[in-house]
Number of protein chains: 4
Amino acid sequence: MTTRFGLLGAGRIGKVHARAITSDANAQLVAVADAFPAAALAVAAQYGCAVRSVDDILAASDIDAVVICTPTDTHADLIEAFARAGKAIFCEKPIDLSLERVKSCLAVVRDTGATLMVGFNRRFDPHFAAVRAEIDAGTIGAVEMVTIISRDPGAPPVEYIARSGGIFRDMTIHDFDMARFMLGEEVATVSAVASVLTDPAIGVAGDYDSVSVMLTTATGKHCTISNSRRATYGYDQRVEVHGALGSVAAENQRPVSVEVATAKGYTRPPLHDFFMTRYTEAYAAEIAAFIAAVRGKAAAAPSGEDGLLALALAEAALKSVDERRAVAVAEVLG
Amino acid sequence: MTTRFGLLGAGRIGKVHARAITSDANAQLVAVADAFPAAALAVAAQYGCAVRSVDDILAASDIDAVVICTPTDTHADLIEAFARAGKAIFCEKPIDLSLERVKSCLAVVRDTGATLMVGFNRRFDPHFAAVRAEIDAGTIGAVEMVTIISRDPGAPPVEYIARSGGIFRDMTIHDFDMARFMLGEEVATVSAVASVLTDPAIGVAGDYDSVSVMLTTATGKHCTISNSRRATYGYDQRVEVHGALGSVAAENQRPVSVEVATAKGYTRPPLHDFFMTRYTEAYAAEIAAFIAAVRGKAAAAPSGEDGLLALALAEAALKSVDERRAVAVAEVLG
Amino acid sequence: MTTRFGLLGAGRIGKVHARAITSDANAQLVAVADAFPAAALAVAAQYGCAVRSVDDILAASDIDAVVICTPTDTHADLIEAFARAGKAIFCEKPIDLSLERVKSCLAVVRDTGATLMVGFNRRFDPHFAAVRAEIDAGTIGAVEMVTIISRDPGAPPVEYIARSGGIFRDMTIHDFDMARFMLGEEVATVSAVASVLTDPAIGVAGDYDSVSVMLTTATGKHCTISNSRRATYGYDQRVEVHGALGSVAAENQRPVSVEVATAKGYTRPPLHDFFMTRYTEAYAAEIAAFIAAVRGKAAAAPSGEDGLLALALAEAALKSVDERRAVAVAEVLG
Amino acid sequence: MTTRFGLLGAGRIGKVHARAITSDANAQLVAVADAFPAAALAVAAQYGCAVRSVDDILAASDIDAVVICTPTDTHADLIEAFARAGKAIFCEKPIDLSLERVKSCLAVVRDTGATLMVGFNRRFDPHFAAVRAEIDAGTIGAVEMVTIISRDPGAPPVEYIARSGGIFRDMTIHDFDMARFMLGEEVATVSAVASVLTDPAIGVAGDYDSVSVMLTTATGKHCTISNSRRATYGYDQRVEVHGALGSVAAENQRPVSVEVATAKGYTRPPLHDFFMTRYTEAYAAEIAAFIAAVRGKAAAAPSGEDGLLALALAEAALKSVDERRAVAVAEVLG
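Residues numbered from 1 in each chain as written. Chains lettered and ligands numbered in written order. Predicted model: local features only at pLDDT ≥ 70, side-chain atom pairs only at ≥ 80, totals over all residues. Heavy atoms only, no water.

1. Let's talk about the interface of chain C and chain A
Counting from both sides, the interface comprises 42 residues of chain C and, opposite them, 42 residues of chain A. A buried area of about 3,100 Å², summed over both sides, lies between chain C and chain A, and 57% of it is on carbon and sulfur atoms. Linking chain C with chain A are 6 salt bridges. Note that A:R238 is salt-bridged to C:E240, the shortest N-O span being 2.6 Å. Viewed at the interface, chain A and chain C are joined by 20 residue pairs in polar contact (both at pLDDT 80 or more). Every element with two or more residues in the side of chain C that touches chain A is listed here: β7 (143-151), β8 (187-195), β9 (210-217), β10 (222-228), β11 (236-243) and β12 (246-250) of chain C. Across the side of chain C that touches chain A, the residue classes tally to 14 nonpolar, 20 polar and 8 charged. (Contact = heavy atoms within 4.5 Å. Buried area = accessible area lost by both parts, 1.4 Å probe. Salt bridge = Lys/Arg side-chain N within 4 Å of Asp/Glu carboxyl O. Polar contact = N/O pair within 3.5 Å; in protein donor to acceptor, adjacent residues only side chain to side chain. Helix = DSSP H or I, 4+ residues; strand = E, 2+ residues; numbered from the N terminus. Nonpolar A, V, L, I, M, F, W, Y, C, P; charged D, E, K, R; others polar.)

Now the structure itself:
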């Protein structure tokens, strides 16, 4: 049985998901909606689907599932509406920037029994997934310490930063989810420090560009996260997990792997310079996982609760920076 | 203007090309032909094209170009027929196992002025292409010595070997083309040694499984090639070019790049175990290059002459093994 | 002019320094003292020097400098005595486990004008020194974030741990010094978490085996440190510095660098399993630097103040763990 | 029992061996001889040994073994004289540039029963030795194909080349020995090509600077060797052995292993730029092995016959270049 899709939002990430849906033998892209008709028409032309309004997709009997790629402040309302309409929902992260709003949204999802998956695409990166697979296989024994280094080639526009919720909620949130994915145990406390080192304009906008975080779990496992908005050498994305029997690490990725040797030394090219080329395979695997979930072949993960918990860690990190102390996650989760 | 394609042969590699054609915004897959109707129907169903006979494709006014993925012994005849029909032709290597037949076929291509491109896909591998780009950029200065190590995870079935023309014509031929691609100068002499080390059945079938080759050019550049039909650690494909100012090398490729550290040491996964996963990007880039050539945006390369010259090097290598001497390429090219 | 040495302590590390002194064309090992006569005699026999008492070395007119490798609780007294005797002093870290005692000892050093160098050998490791050289050369621009991962192959005996001052004072202290060496700016705050994950006996002894630390400087630079007493894959010692223009990292070291490829993957040997083989070159370079300092060719660094500050960071880390908050270094330095 | 040494030749390599002898607890350097008194005096002063004439060393009752580091054309005569004098002999390679002279020299060694070891130091490099250890451990199964890439940072002075016997006898000879060390079976045929690519003056002196060689054994194993007199990126020394169950490779060595990442990519430093720093450990291990042989703890290897066979491969390679054919080693060995 083919899963029939509606796509909400035909922007950059919407197009990525459109391609993933149409490439999947078990899925069909039926309709696309976007506030900008031209954007919707472009996707419709390329992938041979209809352009419809969100309301029409909501009411459509020929659509089983939606992919929500609209602006963040519409996510929670759309999730609630489509949950009530009985559609399966894939939503780009975050569900909302407010913990309270996320909680009320997830209550609706729970009540309706809707399938909801949140777009933490990095879990589906084959390299990070291979790290997790080694943990699951017992290769490194009990997990003890996770090290995440995550740096972007450059900061987004300051206008974006001003409404993104800040570095912890829009960038570190991926690492918080990765930490939970690798630790295999809930985070108990968050300690964070933050500064503005790459661009004063980021500080003026009320945000940080360089942050370090330490997480602990109830049994004493640790995770450190190091983030910067700027890495001249490309998209720096590393995860390393140290355990009782050994360690496993995912290496950085580059578009081509050649090495040039000259009198100046041995040089390999910079890393990917864009998250969409870095995570090409992850985006495709993520939608495949959602399709499998809709078809009942697997649980929908990361779930709405995963989205909630990652956001709670971001809140706790902010509080830790402000209060210069370790913050218990329970304090922010309520 | 969209290039309209006919696909001849719906086997393993035909399917790869079908996907590449349909993914290209400048191309359309109109029809597929295969001696086995079921194979053609499967491709037609997945990619929404028609099933036709070869003759119908030959006569079709709605087809501009064909991709030939049929058995080797049909290649030369098909090339001639489609060249005469005014279609652009992409043909899997080799054009034929007989140097004479290749020459007569290329004469027809020349006379008809047809566009012909031969499927030496490795030139389009992004890593090997990056090596060549560094040469072209002058990074390593004048090329002096090329080292090619090329080993397959395992030998093909002995029945395949028996009719493949042997290791030099079916496996080393890729490396001969790569050598010419990197040397930037025609090969003048070929010295080769060959033995059966991995499976006596290969020797019984009249072939070798382990070969080493030295090539020289008129100005004294060298290339060494080392081939084995069996590498337990996967598809080992390395090219290194040493020049006056430095060296450039393409590293091996693996499906995921993680590293596990335990008391036994640091372990990375084996390499790709299949040429189709190893060369996924190369196949797509190759068809894109052909489409660009058909649209007049680039020359069709590798050309039929490239196919002829790689086959001539294989002939010379065989002669060198038999006669235990360096063989001038001119001896076999006539 | 040759620097004439007395060696105080003929144990494991004393022997390493004895070899370094005798290998240096500008130095001579005149005498050795040890509470265990057999230990002193062994060094004397191998390197052709005299055995003397500490008091005789203190009074000797043929000795210019001493290397102190005796138990920690004797360091401060010996430094004071030899400073007053006008000898140049190299002392293994730490000067003392008590900040107050270190301060009073350094006051004597200051008053006497003695040359004092403290044995933070890692600054002299060629790989870490090369990292610092790249910073000094401006290759990575202004330093922003330092990442130190430092794991021992195995914990020392629990009896050692019980009197070592604990993981922060005996193990992390090296990383605190490295952090200061790389940050190029004093540490302002310390946040730390600590747990017992590898061996409950360590907890029983009142110590931790797994710690994570975040440091900040006044201008907002960060450093994270991750320590474990146990790494199955060997002596894991990495330093990475991220700056405005790039990043520089020191790779791990292993006794031999070969790689084996089999069906199980690509395997390199484990790392060094002992700090003395890992830091062989560092120990020799450290003594060479001290000799240069005694001969007036360079400043004696790391200095006594460097020893004091590293210990202060250890104190602050302990306080941070206990009080679950960021601790200002000024709080412990007084 | 201590082995008492005479050192013949106090030049660059003589000094290296002097240090190795004096560092070994089982050896003592008694005397040094050199045609230039100043050179001998310098070694004597540094290591506390006597200066004597070669004849005095030959007659000395307090000397058990000699290390011959004199010019090549004196080697064979000295070996014969010291063999007759009952001394154990370590001789730098080559024994002589003439196969006939080597043979007659080895006849004397055989007749006198003298211990003779030839200085193919690379067998003692810990990385290459580890490759061989993996072969011996069966990790890669039966050896099939050996790949040796060996490039010098720069050519020696043309005057040296003119009397060195040429690239095959002075440079490739190390690789011929390495090939035999790794193949574990005698070489049956040699095919070689050679050209002048780096410096025309080398051609004027009658030599080549760029050579490629293929070796085969009776059972069909192969080895390829690629040599250049010039590598801008340092001393390029790689050995890789491919076998039935896998492959093992020794990586290149550099003075420090750091990596810098900037917008231009990831850069590691060039390799060692001098054979004495590249092979520091190998020289020490080589003398240790000789001392063990003199003390009856091990066979003296590489032996005089190993020296003969490597030279024979060089002769065969030259013949192959000249006659453009595979040359059987038996043709030159007679």
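2. Considerations on the relation of the copies chain D and chain C
Between the two copies, chain D and chain C, the superposition gives an RMSD of 0.0 Å; the rotation angle is 180 degrees and the shift along the axis is 0.0 Å. Taken together, the turn and the small shift mark the pair as related by a two-fold rotation axis. Across chain D, the smallest distance between a C-alpha and the rotation axis is recorded for D:S23, namely 5.0 Å. When the interface residues of chain D are mapped onto chain C, 100% of them again lie at the interface, so the same face is used by both copies. (Least-squares fit on C-alpha atoms with pLDDT ≥ 70 in both.)

3. Observations concerning the interface of chain D and chain C
Taken together, the contact between chain D and chain C spans 24 residues of the former and 24 residues of the latter. For the pair chain D and chain C, the summed buried surface comes to about 1,700 Å²; carbon and sulfur atoms form 53% of the total. Looking at the side of chain D facing chain C, the largest losses of area belong to D:E251, D:S257 and D:V258, adding up to 29% of the total buried there. One can count 0 salt bridges joining chain D with chain C. Class assignment of the residues belonging to the side of chain D that touches chain C gives a composition of 13 nonpolar, 7 polar and 4 charged. The sheet contact formed by β12(C) and strand β13 (residues 258-262) of chain D spans 5 bridges and is antiparallel. Among the inter-strand pairings, C:A249 is bridged to a residue of β13(D), identified as D:E259. (Pairing = 2+ DSSP bridges.)

4. Points about the packing of aromatic side chains
When we look at a pair of aromatic rings, we describe it by the centre distance and by the angle of the planes. Summed over the entire model, instances satisfying the criterion amount to 25 aromatic pairs over all chains. For the ring pair A:Y266 and D:Y233, a centre distance of 5.8 Å and an interplane angle of 80 degrees mean the geometry is edge-to-face. On the criterion of chain membership, the pair formed by A:Y266 in strand β14 (residues 265-268) and D:Y233 in the loop between β10 (222-228) and β11 (236-243) is interchain, its members lying in two chains. By relative accessible area, A:Y266 is classed as buried at 10%. Each member of the aromatic cluster is reached from another via a ring pair, and the members are A:F5, A:F90 and A:F290. It is B:R278 that lies over the ring of B:Y279; its NZ or CZ is 4.4 Å from the centre. (Phe/Tyr/Trp six-rings, centres within 6.5 Å; stacked < 30°, edge-to-face > 60°. Buried < 20%, exposed > 50% of the residue type's maximum accessible area, 1.4 Å probe, protein only. Lys NZ or Arg CZ within 6 Å of the ring centre and 35° of its normal.)

5. A look at the UniProt feature "domain: GFO/IDH/MocA-like oxidoreductase" (unreviewed entry) in chain A
The feature "domain: GFO/IDH/MocA-like oxidoreductase" (unreviewed entry), as annotated in UniProt, sits at residues 128-248 of chain A in this numbering. Secondary structure over residues 128-248 of chain A splits into 31% helix and 36% strand, and the C-alpha atoms at its two ends are 10 Å apart. (UniProt positions renumbered as here; feature names shortened; annotations may be inferred.)

6. Comments concerning the sheet that holds strand β5 (residues 88-91) of chain D
All names here are of chain D. One open sheet holds the 6 strands; their spatial order is β3-β2-β1-β4-β5-β6, and the pairing between them is parallel. Each end of this open sheet is capped by a strand with a single partner; those strands are β3 (50-51) and β6 (116-118). Here 4 bridges tie strand β4 (residues 65-68) to β5, and the two strands are oriented parallel to one another. Paired with I68 across the strands is C91, a residue of β5. On top of the sheet, helix α12 (residues 280-294) reaches β1 (3-8), β2 (27-33), β4, β5 and β6; it is set at about 160 degrees to β5, its chief contact. (Axes fitted to C-alpha atoms, helices over the stretch in contact; angles between N-to-C directions.)

7. Looking at helix α6 (residues 126-136) of chain D
Considered for burial, the residues of α6(D) that qualify are D:H127, D:F128, D:A130, D:V131 and D:I135. Buried residues of α6(D), viewed axially, fall in a sector of 155 degrees; they line one side. (Arc of directions from axis to C-beta.)

8. Points about the side chain of A:R122
All names here are of chain A. Relative to the helices and strands, R122 resides in the loop between β6 (116-118) and α6 (126-136). Its relative accessible area of 7% is what places R122 among the buried residues. If we skip the residues at most four places from it in the chain, R122 touches F128, S150, H174, D175, M178, Y235, Q237 and Y279.

9. Some details on the sheet that holds strand β1 (residues 3-8) of chain A
Residue and element names in this part refer to chain A. The sheet built from 6 strands is open, its strands ordered β3-β2-β1-β4-β5-β6 with parallel pairing. Only two strands of the sheet have a single neighbouring strand rather than two, namely β3 (50-51) and β6. Pairing between strand β2 (residues 27-33) and β3: 2 bridges, direction parallel. Paired with A31 across the bridge in β3 is A50. Across the sheet, helix α4 (residues 72-84) is in contact with β1, β4 (65-68), β5 (88-91) and β6; its angle to β5 comes to roughly 165 degrees.

10. Quick word on helix α4 (residues 72-84) of chain B
Residues and elements named next belong to chain B. Along α4, the sharpest kink reaches roughly 25 degrees, centred on L78. Listed as buried for α4 are H75, A76, L78, I79, E80, F82 and A83. Two residues or fewer after α4 comes G86, characterised by a positive phi angle close to 80 degrees. (Bend = angle between axes of the 7 residues up to and from the residue.)

11. Regarding unusual backbone geometry
For the peptide bond that leads from A:A301 to A:P302, omega is 0 degrees, which places it in the cis range. Mapping A:P302 onto the fold places it in the loop between α12 (280-294) and α13 (304-323). Cis peptide bonds are those with omega within 30 degrees of zero, and the linkage from D:K93 to D:P94 qualifies with -5 degrees. Following the sequence through the fold, D:P94 ends up in the loop between β5 and α5 (99-112). Not every positive phi belongs to a glycine, and A:R324 is a case in point at roughly 50 degrees. Counting through the fold element by element, A:R324 comes out in the loop between α13 and β15 (327-328). On the basis of relative accessible area, A:R324 is assigned to the partly exposed category, the value being 47%.

12. Brief notes about the UniProt feature "domain: Gfo/Idh/MocA-like oxidoreductase N-terminal" (unreviewed entry) in chain A
In the numbering used here, UniProt assigns the "domain: Gfo/Idh/MocA-like oxidoreductase N-terminal" (unreviewed entry) feature to residues 4-120 of chain A. Each end of residues 4-120 of chain A is marked by a C-alpha atom, and these two atoms are 22 Å apart; helix forms 48% of the span and strand 21%.

13. Points about the pattern of salt bridges
Oppositely charged side chains can pair when the atoms bearing their charge come close. All names here are of chain C. Within the structure shown, the criterion is met by 104 salt bridges over all chains. Close ionic contact of K103 with E100 constitutes a salt bridge, the shortest N to O distance being 3.6 Å. One end of the pair, K103, and the other, E100, are both in helix α5 (residues 99-112), 3 residues apart, so they sit about a helical turn from each other. You can call E100 exposed: its relative accessible area is 53%.

14. Remarks on the state of the cysteines
Tallying each qualifying case throughout the model produces 0 disulfides over all chains. Free cysteine B:C49: the closest other cysteine sulfur is in B:C69, separated by 13 Å. For C:C91, which is in no disulfide, the shortest distance to another cysteine sulfur is to C:C105 and amounts to 7.8 Å. What makes C:C91 buried here is its relative accessible area of 0%. (Disulfide = S-S within 2.5 Å.)

15. Observations concerning the relation of the copies chain C and chain A
Once chain C is rotated about the relating axis by 180 degrees and shifted along it by 0.0 Å, it coincides with chain A to within an RMSD of 0.0 Å. A symmetric contact is evident, with 100% of the interface residues of chain C recurring at the interface of chain A.

16. Some remarks on the nonpolar core
The nonpolar side chains of a soluble globular protein tend to be buried, and buried together. Residue and element names in this part refer to chain C. By size, the foremost hydrophobic cluster in this structure holds 104 residues, and its most contacted members are F168, F176, M182 and V241. A per-element tally of this core places helix α13 (residues 304-323) first, with 9 residues. Excluding its chain neighbours within four sequence positions, the residues that come into contact with F176 are F168, V213, L215, I225, A310, L313, A314 and A317. (Core = buried A, V, L, I, M, F, W, Y, C linked by side-chain atoms within 4.5 Å.)

17. Some details on the packing of helix α9 (residues 172-183) of chain B against helix α13 (residues 304-323) of chain B
When two helices pack together, their arrangement is given by the angle between the helix axes and the distance between those axes. All names here are of chain B. At their nearest, the axes of α9 and α13 sit 9 Å apart, and the two run at 115 degrees to each other. With respect to the hand of their crossing, α9 and α13 are arranged in right-handed fashion. For the pair formed by α9 and α13, the contact residues are I173, F176, D177 and R180 on the first element and D306, L309, A310, L311, L313, A314 and A317 on the second. For the contact of α9 with α13, the residue count by class is 8 nonpolar, no polar and 3 charged. (Left-handed = near helix turned anticlockwise from the far one by under 90°.)

18. Re the environment of A:V66
Residues and elements named next belong to chain A. Residue position: V66 is located in strand β4. Accessibility expressed as a relative area gives 0% for V66, which makes it buried. For the pair V66 and L7, spaced 59 residues apart in sequence, the C-alpha to C-alpha distance is 5.6 Å. Setting aside residues up to four positions removed in sequence, V66 forms contacts with G6, L8, I57, F82, A88, I89, F90 and F290.

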